[in-house]
Amino acid sequence: MLIATWNVNSVKQRLEHLLGFLADPAPDVVCLQEIKCVDEAFPRLEVEAAGYNVAVHGQKGFNGVAILSKFPIADVSPRLPGDPEDVQSRYLEAVVSVPGGAVRVASIYLPNGNPIGTEKFTYKLAWMERLTEHARGLLALEEPVVLAGDYNVIPDGRDVSDPALWANDALFQPATRAAYRKLLALGYTDALRACDDRAGLYTFWDYQAGAWQKNKGIRIDHLLLSPQAADRLVGVDIHKRTRALDKPSDHVPVSVTLDL
DNA sequence: ATGACTGGCCCTGCCAGA
């Protein structure tokens, strides 16, 4: 089965691109981030007409995540545990039943954290700690788990075209990268890196200064697999063609194929 | 060297993104 993640930067602006992606490669599950709308404004009818069940955790104006699935969705839980004061819609988890089993999927929109030295960066690191604690608990279930989303983390130098340019950015801070490694060290696999160790595999290109044309990208959209999911990993794809469309998202979809 | 897009909202400059 094909499980994808995509930060669409407004589902309203990107609906045609999204429907095109649902038609081809026709993923079984899609985790969306930055839908930038409330639940009621999500284009549910259009997505359902394409053959998908929908779970949404939206927010007015910013953030917002969703999970689309060709298979039934159960046990839907919005919000990352650990901070009742956190009202930002950045996490949605659900269980997707597949023929002969199930896979637990989370759609994650990890805080950007810029500028560093502010409460925004503190919030990012705290959010990463909460994610790590929750991810630790999920491992105990011994299920196939896919934690998919826009992590806003550049894991290492291979994942950025111009490291010096990002040296003072929240996405590439040593503390940010260490928190990401701590998450992996629990026992999760960065699906892309399990399949391909080359540099220059990017998932985001800024709108500004011709970043796409110059291939000045970064890899910040990741799918993390529990051991039970990693055992069934077949391959990973970065769907770069969507970045060349008219009025694209600045992120492209990334997908894993699992033998499930 | 510098600046540079895009989307949403309080409808119009401003915040947020990365």
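The paragraphs below set out a description of the structure included in this document. These numbers come from a predicted model, not from an experiment.

Conventions we followed
- Residues numbered from 1 in each chain as written.
- Chains lettered and ligands numbered in written order.
- Predicted model: local features only at pLDDT ≥ 70, side-chain atom pairs only at ≥ 80, totals over all residues.
- Heavy atoms only, no water.
- Helix = DSSP H or I, 4+ residues; strand = E, 2+ residues; numbered from the N terminus.
- Rg over C-alpha atoms; globule rule 2.2 N^0.38 Å.
- Buried < 20%, exposed > 50% of the residue type's maximum accessible area, 1.4 Å probe, protein only.
- Contact = heavy atoms within 4.5 Å.
- Areas by Shrake-Rupley, 256 points an atom, 1.4 Å probe, with all protein chains shown as cover.
- Expected span 1.5 Å × (residues − 1).
- Arc of directions from axis to C-beta.
- Core = buried A, V, L, I, M, F, W, Y, C linked by side-chain atoms within 4.5 Å.
- Near = heavy atom within 4 Å.
- Polar contact = N/O pair within 3.5 Å; in protein donor to acceptor, adjacent residues only side chain to side chain.
- Nonpolar A, V, L, I, M, F, W, Y, C, P; charged D, E, K, R; others polar.
- Pairing = 2+ DSSP bridges.
- Axes fitted to C-alpha atoms, helices over the stretch in contact; angles between N-to-C directions.

This part is about the overall build of chain A. Counting its regular elements, chain A contains six helices and 14 strands. Here chain A has a C-alpha radius of gyration of 17 Å; the compact-globule value for 260 residues is 18 Å, and the two agree. The C-alpha extent of chain A, read off along each of the three principal axes, is 45 × 45 × 40 Å. Counting only residues that meet the buried cut, chain A has 54% of its 260 residues in that class. At a minimum sequence separation of 6, the contacts of chain A that also span at least 24 residues come to 68%. When the accessible surface of chain A is summed, it comes to about 11,200 Å², and 51% of that surface belongs to carbon and sulfur atoms.

This part is about helix α4 (residues 174-185). Counting along an α-helix, one turn takes 3.6 residues, and residues three or four places apart therefore face a common direction. With 12 residues, α4 extends 16 Å between its outermost C-alpha atoms, agreeing within 8% with the 16 Å of an ideal straight helix rising 1.5 Å per residue. Looking at α4, one finds that the buried residues are Thr 176, Ala 179, Tyr 180 and Leu 183. One side of α4 holds all its buried residues, which, seen down the axis, span an arc of 100°. Opposite the buried face of α4, by more than 90 degrees, sit the exposed residues Pro 174 and Ala 185. Looking at the buried positions of α4, the neighbouring elements they touch are α3 (119-139), β9 (189-190) and β12 (221-225). Gly 187 occupies a position one or two residues after α4 and carries a positive phi of about 135°.

This part covers the nonpolar core. In this structure, Ile 3, Val 103, Val 146, Val 256 and Leu 258 are the most contacted members of the largest nonpolar core, which totals 27 residues. Apart from the residues lying within four places of it in its own chain, the contact partners of Ile 3 are Val 29, Val 103, Val 146, Leu 223, Val 254, Ser 255, Val 256 and Leu 258. In terms of nonpolar packing, the next biggest core, distinct from the first, is built from 21 residues, Ala 106, Trp 127, Tyr 151 and Tyr 188 among them.

Right, let's talk about the protein's contact with DNA strand B for a bit. Around DNA strand B, a shell composed of 26 residues is seen, among which Ser 10, Gln 13, Glu 34, Asn 112 and Ala 209 lie nearest. By atom count, sugar and phosphate contribute 70% of the portion of DNA strand B lying within 4 Å of the protein. One of the side-chain nitrogen or oxygen atoms of Asn 7 is found 3.5 Å away from a phosphate oxygen of DNA strand B. Classifying every residue of the surface near DNA strand B gives nine nonpolar, 10 polar and seven charged.

Where burial is concerned, most of strand β14 (residues 254-258) is hidden: four out of the five residues are buried. Summarising the sheet, strand β1 (residues 2-7) and β14 pair through four bridges and their orientation is antiparallel. Across the sheet, the residue bridging to Thr 5 is Val 254, located in β14. Where strand β13 (residues 233-238) and β14 come together, five bridges link them in antiparallel fashion. Looking across to β14, one finds that Val 236 is bridged to Val 256.

The next subject is the sheet that holds strand β5 (residues 73-78). The mixed open sheet is built from six strands, whose spatial order is β5-β6-β7-β8-β12-β9. Among the strands making up the open sheet, the edge pair consists of β5 and β9. Two strands pair when backbone bridges link them, and strand β6 (residues 91-98) and strand β7 (residues 101-109) are joined in this way by eight bridges, in the antiparallel orientation. Counted as the bridge partner of Val 95 is Arg 104 from β7. Its contacts with the sheet put α3 on β6, β7 and β8 (145-150), and the angle it makes with β6 is roughly 25°. Against the sheet, α4 makes contact with β9 and β12, and its axis sits at roughly 25° relative to β12, the strand it touches most.

Quick look at α3 now. If you check α3, its first and last C-alpha atoms are 30 Å apart, about what 21 residues at 1.5 Å a residue would give, namely 30 Å. Those residues of α3 not exposed but buried are Phe 121, Tyr 123, Lys 124, Trp 127, Met 128, Arg 130, Leu 131, Thr 132, His 134, Ala 135, Leu 138 and Leu 139. Packed against the buried residues of α3 are β6, β7, β8, α4 and α6 (227-230).

Let's shift gears to the sheet that holds strand β2 (residues 29-33). Read from one edge to the other, the open sheet built from six strands follows the order β3-β4-β2-β1-β14-β13, with strand pairing classed as mixed. Where the open sheet ends on each side, the last strands, each with one partner, are β3 (53-57) and β13. Averaged over all neighbouring strand pairs, the angle between strand axes comes to 15°, with direction disregarded. Contacting β1, β2 and β4 (65-69), helix α1 (residues 15-23) runs over the sheet at an angle of about 165° to β1.

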